[in-house]
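# Structural overview for review
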Amino acid sequence: MSSHKPLHIIPRDWLSHIVPLLALGFPIIIGQLGTIIQGVADTLMVGRYSAHDLAAAGFVNNIMNLVLVFALGYSYAVTPVVGPLHARDDARAAGRALRAAVLSGALLGTILLFLLGVLYSQLDRLGQPESLLPTIRPYLIIVALSIPLQTIFNAFKQFTDAVGRTSTAMWMLIGANALNIIGNWLLIYGIGPFPSLGLTGAGISTFVSRLAMTAAMVVFFLRSTRFRLHRAGFFERHTSHSYRRQLNRMGLPLGLQMGMETASFSLSGLMQGWMGAAALAAHQVMCTIGAACFMIYYGIGAAVAIRVSHFSGQADMTGVRRSAFAGCILIFISGVVISGSIAAAGIHATSLFTDDAQVNAIALTLLPPFVLYQMGDGLQTNFANALRGIADVKPLMRYAFVCYILVSLPLSYLFAFTLHGGPAGIWYAYPVALTMAGVLFLKRFLNKTRTNSQS
């Protein structure tokens, strides 16, 4: 008789897995939401200023979301590099790994800034409404300059999470978001002695808030007694090439997988711009709502990755599968509650961002595909993180390229233009592509855990 325990697809003791996932996931969700709250605040406050500025913000923020999500995915490699060193109480080595992460983050930020500069030089060739370009240009420049600050902050955030200081980055993000909102209020609308700068004012506020939170994080690391030994390793002349190789080996696949998903939304935003400023503004409104939902899913997914890696380290494939499917249950429940609430709210949800009747009318047509893609988004998020937990990240790039680039973008064009589906047609590609990705990730996860359980 076989001594192997049977592997259960649906966990019988799901509650014992869901409670730890919630405990791990909640602070991660707060931190994840903090990375996009600045864009949400800009969208809300700019939308109240004018529909014209909202459409311009829609174009820039679609591009910036792609950049920020790629950078965020890349930074996720920091925690599995630093975490084991912290567990072994090797603070100096952890400090050297942080230095490698900061240098890699700074280099990544510089490359992304250069690419955004190339994009800026080609703005007039992207088919966007000509009237938006004078508003787009200064906002794009200012926000692009803040990207290296964000990538450096990401490195420190993942480091502090890895050494058990998860609340540090959370509070700094909350402070930065408060500063951004105050800056928006003063500079968008021209309160008191400040000029009314509209979208440009929102860009300045975003830059200042990212500068402040990065400076605060650096000062905290340099001044806190908790990091005395880490600082010693950080400033050592000892080479950190091996850590940089580890970061690149894991970070690039993770960044590309997340980036290609975001690219399907961002590049389809270009298609929305072909249909006019109102369609682009509506796309921005629904992308902002969708990004908030995604970060909730990804917070739970990150907790799944942690739990799965723990069971994988113990060679407990039953625990790996049960934890992954418990996370799937949690994400599906969250998706039903979130999408159901937004669909029920209807125009009350979209009108939070703008009073423009045409923009709201188009945004309402995007609600059905928005609801439809939530389950696929939850499925792919959960099992992408489950694969990350068992250190099987390279296939994610291939699957993401097929689903988000080869399938989603052509379908968006087909539904919107060839079949005359308009702005909503672009969005009906998302349920197809996201569900396809989720099924591929699930199949890979089942095959990989089955192989591991037999080895």
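Residue positions are given per chain, counted from 1 along the sequence in the order it is written. Note on the predicted model: pLDDT of at least 70 is required for a residue's local features to be given, and 80 or more for side-chain atom pairs to be given and counted; whole-chain, interface and lining totals, by contrast, use all residues. In computing side-chain properties, one takes all heavy atoms of the structure into account and sets aside hydrogens as well as water.

## Quick word on the overall build of the protein
So the rule is basically this: For helices the rule is a DSSP run of H or I covering at least 4 residues; for strands it is a run of E covering at least 2, with both sets numbered from the N terminus onward. Here's how the labels work: a residue is buried when its accessible area is under 20% of the maximum for its type, exposed when over 50%, partly exposed in between, all with a 1.4 Å probe on protein chains only. Here a residue-residue contact requires only that any non-hydrogen atoms of the pair lie within 4.5 Å. Computed with the Shrake-Rupley method and a 1.4 Å probe, the accessible areas treat only the protein chains shown as cover for residues. Charge convention: Lys and Arg are scored as positive, Asp and Glu as negative, and His as well as the terminal groups of each chain are ignored. Charged side chains are reduced to one point each, which is NZ for Lys, CZ for Arg, CG for Asp and CD for Glu.
For the protein, the helix and strand inventory stands at 18 helices and 0 strands. Considering only C-alpha atoms, the protein reaches an extent of 70 × 50 × 35 Å along its principal axes. Relative to its 455 residues, the protein shows a buried fraction of 57%. Put simply, 84% of the contacts in the protein that link residues at least 6 apart link residues at least 24 apart. Summed over its atoms, the accessible surface of the protein is roughly 18,300 Å², and 68% of this surface lies on carbon and sulfur atoms. Of the side chains in the protein, 30 bear a positive and 15 a negative charge, and the two mean positions are spaced by 13 Å.

## Details of a nonpolar patch on the surface
Selection rule: Surface patches are drawn from residues lacking salt bridges whose relative accessible area is over 30%; two like charges belong together within 9 Å, two nonpolar side chains (Val, Leu, Ile, Met, Phe, Trp, Tyr) within 5 Å. Only one rule defines a salt bridge in this text: a Lys or Arg side-chain nitrogen within 4 Å of an Asp or Glu carboxyl oxygen.
Taken together, the side chains of Leu-107, Ile-111, Phe-114, Leu-115 and Val-118 present a nonpolar region at the surface, about 490 Å² in accessible area. Exposure remark for Leu-107: the relative accessible area of 54% places this residue in the exposed category.

## Comments concerning helix H5 (residues 133–145)
Because each turn of an α-helix spans 3.6 residues, side chains separated by three or four positions end up pointing in the same direction. Selection rule: Expected helix span is taken as 1.5 Å per residue step, with the number of steps being one fewer than the number of residues.
Helix length check: H5, at 13 residues, gives a terminal C-alpha distance of 18 Å against a target of 18 Å (1.5 Å per residue), a fit within 8%. Every buried residue of H5 is listed here: Leu-133, Thr-135, Ile-136, Tyr-139, Leu-140, Ile-142, Val-143 and Ala-144.

## Concerning the environment of Ala-386
With respect to the helices, strands and loops of the structure, Ala-386 is situated in helix H15 (residues 367–389). On a C-alpha basis, the gap between Ala-386 and Arg-307 in space is 8.8 Å, while along the polypeptide they are 79 residues apart. When sequence neighbours within four positions are dropped, the list of residues in contact with Ala-386 reads Val-304, Val-308, Ala-324 and Phe-445.

## Concerning the nonpolar core
Worth spelling out the cut-off: Throughout this description, the term nonpolar core refers to a set of buried Ala, Val, Leu, Ile, Met, Phe, Trp, Tyr and Cys residues connected via side-chain atoms within 4.5 Å.
Counting residues in hydrophobic clusters, the biggest one holds 133 residues, and the most contacted among them are Phe-370, Phe-383, Trp-427, Phe-441 and Phe-445. With 19 residues, the single largest contributor to this core is helix H11 (residues 277–313). Contact partners of Phe-383, with chain neighbours within four places excluded, come to Ala-324, Phe-325, Cys-328, Phe-441, Leu-442 and Phe-445.

## With respect to the side chain of Ser-264
Here Ser-264 lies in helix H10 (residues 241–274). Judged by its relative accessible area of 2%, Ser-264 falls in the buried class. Apart from residues no more than four positions distant in its own chain, Ser-264 is found in contact with Tyr-404, Ser-408, Leu-409 and Tyr-430.

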